[in-house]
Amino acid sequence: MKVLVIGGDGYCGWATALYLSNRGYDVGILDSLVRRHWDLELGVETLTPISTIHQRIQRWQELTGKTIELFIGDINNYDFLQKSLQKFQPQAVVHFGEQRSAPFSMIDREHAVLTQVNNVVGNLNLLYALRDDFPDCHLVKLGTMGEYGTPNIDIEEGYITIEHNGRTDTLPYPKQPGSFYHLSKVHDSHNIQFACKVWGIRATDLNQGVVYGVLTEETGMDELLINRLDYDGIYGTALNRFCIQAAIGHPLTVYGKGGQTRAFLDIRDTVRCVELAIQTPANPGEFRVFNQFTELFSINDLALKVKQAGITLGLDVDIQMLANPRIEAEDHYFNPKNTNLLNLGLQPHFLSDSLLDSLLNFAIKYQHRVDRSHILPKVSWK
Ligand code: NAD
Ligand code: USQ
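Small disclaimer: the values here were computed from a predicted structure and weren't measured.

Draft legend 1. Quick peek at the site of ligand 1. Not every one of the 28 residues close to ligand 1 is listed here, only the nearest: C12, D31, N118, Y181 and K185. The side chain of N76 places a nitrogen or oxygen atom 3.4 Å from a nitrogen atom of ligand 1. Protein contact buries 98% of the 830 Å² of open area that ligand 1 shows by itself. Of all elements in the fold, only α1 (11-22), α2 (34-42), β5 (138-144), α7 (180-199) and β9 (210-212) reach the threshold of two or more residues within the shell around ligand 1. Residue composition of the shell around ligand 1, grouped by class: 10 nonpolar, 10 polar and eight charged.

Draft legend 2. Structural view of the sheet that holds strand β12 (residues 287-292). One open sheet accounts for seven strands, arranged β3-β2-β1-β4-β5-β8-β12; its pairing is parallel. With partners counted over all chains shown, the strands left at the sheet margins are β3 (69-72) and β12, one partner each. The average undirected angle you get between the axes of adjacent strands in this sheet is 20°. As defined by bridge partners, β5 adjoins strand β8 (residues 202-208) across seven bridges and the pair is classed as parallel. Among the inter-strand pairings, V140 is bridged to a residue of β8, identified as T204. Docked against the sheet, α1 engages β1 (2-6), β2 (26-31) and β8, running at close to 165° with respect to β2.

Rules behind the numbers
Residues numbered from 1 in each chain as written. Chains lettered and ligands numbered in written order. Predicted model: local features only at pLDDT ≥ 70, side-chain atom pairs only at ≥ 80, totals over all residues. Heavy atoms only, no water. Near = heavy atom within 4 Å. Polar contact = N/O pair within 3.5 Å; in protein donor to acceptor, adjacent residues only side chain to side chain. Areas by Shrake-Rupley, 256 points an atom, 1.4 Å probe, with all protein chains shown as cover. Helix = DSSP H or I, 4+ residues; strand = E, 2+ residues; numbered from the N terminus. Nonpolar A, V, L, I, M, F, W, Y, C, P; charged D, E, K, R; others polar. Pairing = 2+ DSSP bridges. Axes fitted to C-alpha atoms, helices over the stretch in contact; angles between N-to-C directions. Contact = heavy atoms within 4.5 Å.

From the geometry alone we can't say anything about function, so treat these as descriptive.
Below, the structure written as structure tokens:
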């Protein structure tokens, strides 16, 4: 099967492209490389030294004999997008190619607008390109668990059946996102659902939790294939940041009370979930939603786990409660369902098995690359 991975130079996309290529899919990568540009603008860098996309793909070919076709350009440029799709002829498109940081989207008006234009327009262009030239191609779109927010009832997978004034209907699950980034994902979901309804497009929205870990079988094969590991206050996610903080002896930065609970998954499960979605495509006109995560943790749970793991490595780890730069519930109910992917055969990896090998050991190995000036949060929601 021919699979185009949009955003294939990024964290999830790179691991997914190699995983699918290794399993015999004919993979193309489309990426504007804008994430590398944003890193340069912000003055931040992944902890792990990543090579250029050309070096990465060349090394992959040398090691495995498998080729990956590369399309460098922006999906906001419709002409480029259309021509790339026509050249590659995908049967499935996996769309990771968005601005994915909540703090980035909250820096100021420009960054909020940039995030929403980049994400919403890019996704809408893709929907039109599929309608016009590839109506049977399956769109696998990366959404986020943060679209739901933290409601005081159980979170279903995309839809909820509601009885109201004696009548019953199954409706899209209510969305209460917590940043202009998370809002862009909600707008995408609505656009995709509408396109499925009116044009008969087949789509799967993967509402993914926070992804952690550096290692997949493929990215671990060679130093030139290494994946990124962000730790700065804009692109670093809590767990990755805590591991790097532990490695350099910085207190772990828990925001607010630390009762914020989120859904998590290992990068090795991200790549498998995408494959499961591709193997059993949505029907024409179907807008399918999967909640893509394996475990739930509060931020306090994470900090304690990293502290505990640090102790086994002889690290002295402190936990520091910082004033929360975000506006979010710090103590709340959170019970999302995740049965769809498990029913398709997902066999989860668990954090307890990955924390050392896929995170702390990398944090320790590359600690000399840490820029301490990027550890504390600088972006406020207010
Ligand atoms: P990333 O920033 O590492 O990768 C995104 C890639 O998309 C980058 O290489 C970037 O250059 C490319 N890109 C962005 N806009 C583009 C455009 N207009 N045209 C072409 N390429 C473009 O992000 P990631 O962590 O790999 O996340 C990938 C996707 O998964 C995002 O949509 C994100 O919202 C979603 N997601 C990520 C996580 C996570 O924890 N990392 C969790 C849930 C959902
Ligand atoms: N947090 C801390 N300390 C830190 C960093 C974050 O306590 O040093 C807290 C935040 O306040 C928040 C929680 O950790 O309550 C999660 O923040 P995060 O930065 O780890 O993750 P988030 O902003 O939610 O975004 C990440 C990805 C995004 C993806 C999302 C999945 O960057 O692309 O969509 O996870 S989810 O959280 O399920 O929406």
